[in-house]
Amino acid sequence: ACPPSAFRCTNGKCVTHDWFCDKENNCGDNSDESFCDIDPVTPCPPGWDRCPDKRRCIPSHWMCDGWKHCNGTSEEANCTSCSPKAFKCSNGKCEQRHSFCDGFDDCGDNSDERYCDVDPRTPCPVGWDRCPNKRRCIPSHWMCDGWLDCYGESEEVECGKDILKTSNITFAKTELKLWFLHKRKSGSRPDRWGSQVHRIAAALHLADNSTFGPGNSTGEEIRYELRLQLLRNLGKDKKMSSQELALYIHAFLVSCIDPRDFYGYNLVRDLRRRVEAGGNYTNPFLILALCNAGDAMTARDVERVTAAYDSQHRPLWTDSQALSSMALSCISSRSSVSVDERTLKDMLQELKRRQFRNGTVDNFRTTALVTQALFIFDSYKKEFDLDSAIKVLLSGLNGSKSLLDAYYALPVLSRKSLLNVTSNHCIKEPVAEEEALQKVLDVDGETMAVQYSVWIGDKVNLARTWRLRMRVNSTIYDAIETVAKIDNRQRVEYNVVDGKPYVTALNGMEDDPELGTYWFVYQKSLKSDDAAKIVEQSPVDIRLQPHLEIILWYKRAAWSGQSFLQEPFTSP
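Calculation rules
- Residues numbered from 1 in each chain as written.
- Predicted model: local features only at pLDDT ≥ 70, side-chain atom pairs only at ≥ 80, totals over all residues.
- Heavy atoms only, no water.
- Core = buried A, V, L, I, M, F, W, Y, C linked by side-chain atoms within 4.5 Å.
- Buried < 20%, exposed > 50% of the residue type's maximum accessible area, 1.4 Å probe, protein only.
- Helix = DSSP H or I, 4+ residues; strand = E, 2+ residues; numbered from the N terminus.
- Domains from an automatic or database assignment.
- Contact = heavy atoms within 4.5 Å.
- Pairing = 2+ DSSP bridges.
- Axes fitted to C-alpha atoms, helices over the stretch in contact; angles between N-to-C directions.

Student: With reference to specific residues and values, describe the nonpolar core.
Tutor: Judged by nonpolar contacts, the single largest core of 118 residues is most densely connected at Phe180, Tyr452, Ile550 and Leu552. For this core, the element with the most residues is helix 4 (residues 242-254), which contributes nine residues. Counting contributing residues per domain, this core is built from domain 1 (172-182 + 190-420) and domain 2 (433-556), each supplying no fewer than three. Once residues within four sequence positions are removed from consideration, Tyr452 is found in contact with Arg464, Thr465, Trp466, Leu468, Ala479, Ile480, Val483, Leu506, Ile550 and Leu552.

Structure below.
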């Protein structure tokens, strides 16, 4: 096999990638020049990808590897994920691997130099491993991959028990990701991904970072369905469980939806409130979700997860212990709360003792969870048979499998765990909402104060409000568009009838005739106790009045104004 940086000729010869498409027959069979200047309709060979200019094909593993192989527009631009042999900067940029820790800020945010010479006590980021000399951290998937990334003692020397040496693991990971993607139901129904969409979102992200990257239609569809399902759950009279709330927080993090501002509802704060109001036992998964979401951890949280670990009388004890270990590791590495590292190591040591000779830990699911936990401190490298554990998972995945089994196994195949559930991959909005608000509301001329609200659910389960200063003679349509400029999550779509717009969707939530759920526009005076009145005209036809509240309400109802006016309501 040729080194990853080399080109493998059709005749088996290896030539340096610099000779590819240099107009010389370096291979001897011309395979290094065969697809360098082709007609845009000529298909690329299997395992190759087309350059942005459509005139060249290159091996697929060269895409987003930090090296430019295409003419004109580079294949290294707009990469949602980098090649395994490239380094992905914190700002999303892909850099050549040899630029890592070279003493230069190649990324532009210094993320390629940040962990090159650290104190041995400084924890490595989640998804990174420490070099044998303890002074450098490198991305975990670089361990035992045939490339030397550590100085001094190499990370490539003792790789006998490393997960990357297990055969067929790449193929199994690809197949399992496809299995998740095939869970999508066909048709136009709004619930294509089913009730477990939150777990599917997390699993796909932990397989790789591409699903929720810019322009990925699958990610966009899952985001829409996550919002829709959570709105439905919040609209039910039955209270959603804390465990399901935690699953939504994880799904929101990986899919780049802010769990602290879901139409004014703060999922993280609600989960924290529930944890504080709970009894003697706390599910450690709830603490892990809070920690992954960046909630402030406390000494009481440490007590909660250690108590959960020690609750030996509970069924599925080992599963809970694995989650407790991950929660405690999260608290230790991402907060200022003091955690006794010996306690965490003792927990992990106890988990190792649960492994049977055939590699199993209790059952398939527990084997996957425990393996995830043992990625902490690279604990799997001693007194745990990782190869056998992986073989148990690969064997179990060959037959029929439940979504829950697959959800726990896929991170292991990617050498990740539930500790890798973060929003670090998300592209942040460049302008804060407060700054946008000030800019939009900086209007000239005579103005008036109005209020704009978005309500969700028949009983107004979610609500968010903006206070605006609008020019005199502005319309409801102007107010709607002003808020969209402040927060692009509030962008509205319209259906034009007789040349005039009517609201049909906001932030991807559309009028749904099958469910009977629609967007309605109401108005009411803030200086009066009178009930709000439905607006049946187009928003462009209604002039704003001082101290008016405009309400966009997403609820179940028939399109009949009389039915709304029979039952007055007031602001929540």
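Student: Report on the side chain of Thr517, specifying residues and quantitative values.
Tutor: As for its placement among the helices and strands, Thr517 is situated in strand 14 (residues 517-525). According to the relative accessible area criterion, Thr517 is buried, its value standing at 12%. Those residues in contact with Thr517 that sit more than four places away from it in its chain are Glu510, Asp511, Asp512, Tyr554, Lys555 and Arg556.

Student: Outline unusual backbone geometry, listing residues and values.
Tutor: In the Ramachandran plot, Lys23 falls in the positive-phi region, its phi being about 70 degrees despite a non-glycine side chain. Take Lys23: it is sitting in the loop between strand 2 (14-16) and strand 3 (48-50). Judged by relative accessible area, Lys23 falls into the exposed class, the value being 79%.

Student: Before we move on, can you summarise the sheet that holds strand 13 (residues 509-510) with the specific residues and values?
Tutor: The strand order across the open sheet formed by three strands is 11-12-13, and the pairing between neighbours is antiparallel. Across the chains shown, the open sheet's two edge strands, defined by having one partner strand only, are strand 11 (492-497) and strand 13. Here six bridges tie strand 11 to strand 12 (residues 500-506), and the two strands are oriented antiparallel to one another. Note on strand 12: the bridge partner recorded for Glu493 is Ala505. Of the strands in this sheet, strand 11 and strand 12 are in contact with helix 14 (residues 476-486), which crosses strand 11 at around 150 degrees.

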